[in-house]
Amino acid sequence: MNVTLLKPIGYCQGVYNAINKALEIRSLHPDKNIYVLGQLIHNTDVINHLLNYGITTVDVNYKNMYEQLDSFSSDDILIFTAHGHDKRYEDYLKKKKITFYDTTCDKVHNNFNNVIKNLNRGIIFIGKENHPETIAALSLSKDIVLYDIENGIDYSKIKTENPLIINQTTLSLLELKQIFNDIKKHLPKAEIIDEICNATKIRQENIIKLDKYYDLIIVVGSKESSNTDKLYQLALSTKKAKKVIKINNYLDLLNENLEDYNEVLITSGTSTPIKIINELSIYLRENYNGKF
């Protein structure tokens, strides 16, 4: 079995920064209860890793967010995730004198700043309705109109001819191209800013540009990860392999027989630890004589 690692592999800078900051927060507050409001990044292995340091992930219910915030005391430390959040939560925590930290990715911050600067001209935000980044973006103003990647948009809600179009940073290049074309048909004067993060974009472009056909493409990443799912869907749609599978880690392959696959490609989402890639590589070497 010949195995190719499609680089880049492992964390993007935003994920790396968020994890490091969470661990720094633990070192600053060694005796405190520390909670992450939602998944710091969308990877269960990372969540378990943080738990080993006493950093607990809390499932959030955005409809009852203030009630959840009320359950914490001034002795607790809270961390907002890398996906962004409603800034009103910060004001609420300040009133309760609860210490909190923000690990929002710089790319997401830039996205939100563009939204705020251009509210007067109208904003269409393209994203998955219940994704944390989309929820955070829509919290910036009630006048932002969502283009849901699954359910589309009600164009009657658009009040200007030249709205600014901004998107969730972890979407698919091909998916966005179709949506941009649809928007331009209805709003030819709209200004589009493609805000897919570079780390996500590079991995998708590398799949699109593959000049070799593979027996198997393995996409590694958590099921909660939007960018991993888009990478998987893209690998399927480009038809560059006989089979495409998505796994969390090598354990998902224990019931798979890979004997008939000679040419294998491995790619990963931006929130996948390099440790998981290394473990997968070892598994393929030891069980299928994988050559890298």
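Residues numbered from 1 in each chain as written. Predicted model: local features only at pLDDT ≥ 70, side-chain atom pairs only at ≥ 80, totals over all residues. Heavy atoms only, no water.

S.K.: What exactly am I supposed to notice about the sheet that holds strand 2 (residues 33-37) here?
M.R.: Note: strands within a sheet are paired through backbone hydrogen bonds, in either parallel or antiparallel orientation. Read from one edge to the other, the open sheet built from four strands follows the order 3-2-4-5, with strand pairing classed as parallel. The sheet terminates laterally at strand 3 (55-58) and strand 5 (99-102), the two strands that pair on one side only. When the angles between neighbouring strand axes are averaged without regard to direction, this sheet yields 25 degrees. Summarising the sheet, strand 4 (residues 76-80) and strand 5 pair through four bridges and their orientation is parallel. Across the sheet, Phe 80 pairs through a bridge with Asp 102, a residue of strand 5. (Pairing = 2+ DSSP bridges. Helix = DSSP H or I, 4+ residues; strand = E, 2+ residues; numbered from the N terminus. Axes fitted to C-alpha atoms, helices over the stretch in contact; angles between N-to-C directions.)

S.K.: Looking at this structure, how should I read the packing of aromatic side chains?
M.R.: Two numbers describe a pair of aromatic rings. These are the distance of the centres and the angle of the planes. In this structure the tally under the stated criterion is six aromatic pairs. On the basis of an interplanar angle of 75 degrees and a centroid distance of 5.5 Å, the ring pair of Tyr 66 and Tyr 89 is categorised as edge-to-face. With a gap of 23 residues between them, Tyr 66 in helix 3 (residues 65-70) and Tyr 89 in helix 4 (residues 88-95) connect regions that are remote in the sequence. On the accessibility criterion, Tyr 66 (34% relative accessible area) is partly exposed. Its relative accessible area of 7% is what places Tyr 89 among the buried residues. (Phe/Tyr/Trp six-rings, centres within 6.5 Å; stacked < 30°, edge-to-face > 60°. Buried < 20%, exposed > 50% of the residue type's maximum accessible area, 1.4 Å probe, protein only.)

S.K.: Any chance you could explain empty space enclosed by the protein here in plain terms?
M.R.: In this approach a probe as big as a water molecule rolls over the atoms, and the regions it shows empty are the leftover space. Scanning the entire structure with this criterion turns up one cavity of 30 Å³ or more. Empty space within the largest cavity amounts to approximately 30 Å³. Lining the largest cavity are Thr 200, Arg 203, Gln 204, Asn 227, Leu 231 and Ser 268. Of all the elements in the fold, those that place two or more residues in the lining of the largest cavity are helix 8 (198-208) and helix 9 (226-237). Of all the elements, helix 8 adds the most residues to the lining of the largest cavity, at three residues. (1 Å grid on protein atoms, 1.4 Å probe; cavity = no way out; pocket = protein on both sides within 12 Å on 5 of 7 lines; lining within 4 Å. Points joined across faces, edges and corners; volume = space filled by probe spheres on them.)

S.K.: What am I meant to see in helix 1 (residues 13-28) here?
M.R.: A turn of α-helix holds 3.6 residues, and therefore any two residues three or four places apart point the same way. Compared with an ideal rise of 1.5 Å per residue, which puts 16 residues at 22 Å, helix 1 spans 22 Å between its outermost C-alpha atoms and is within 8% of the ideal. Those residues of helix 1 that sit buried are Gly 14, Val 15, Ala 18, Ile 19, Ala 22, Ile 25 and Arg 26. Looking straight down helix 1, one finds that the buried residues subtend no more than 135 degrees of arc, so they occupy a single side. Within helix 1, the exposed residues directed more than 90 degrees away from the buried face are Gln 13, Ser 27 and Leu 28. On its buried face, helix 1 is in contact with strand 2, helix 2 (44-52), strand 3, strand 4 and strand 5. (Expected span 1.5 Å × (residues − 1). Arc of directions from axis to C-beta. Contact = heavy atoms within 4.5 Å.)

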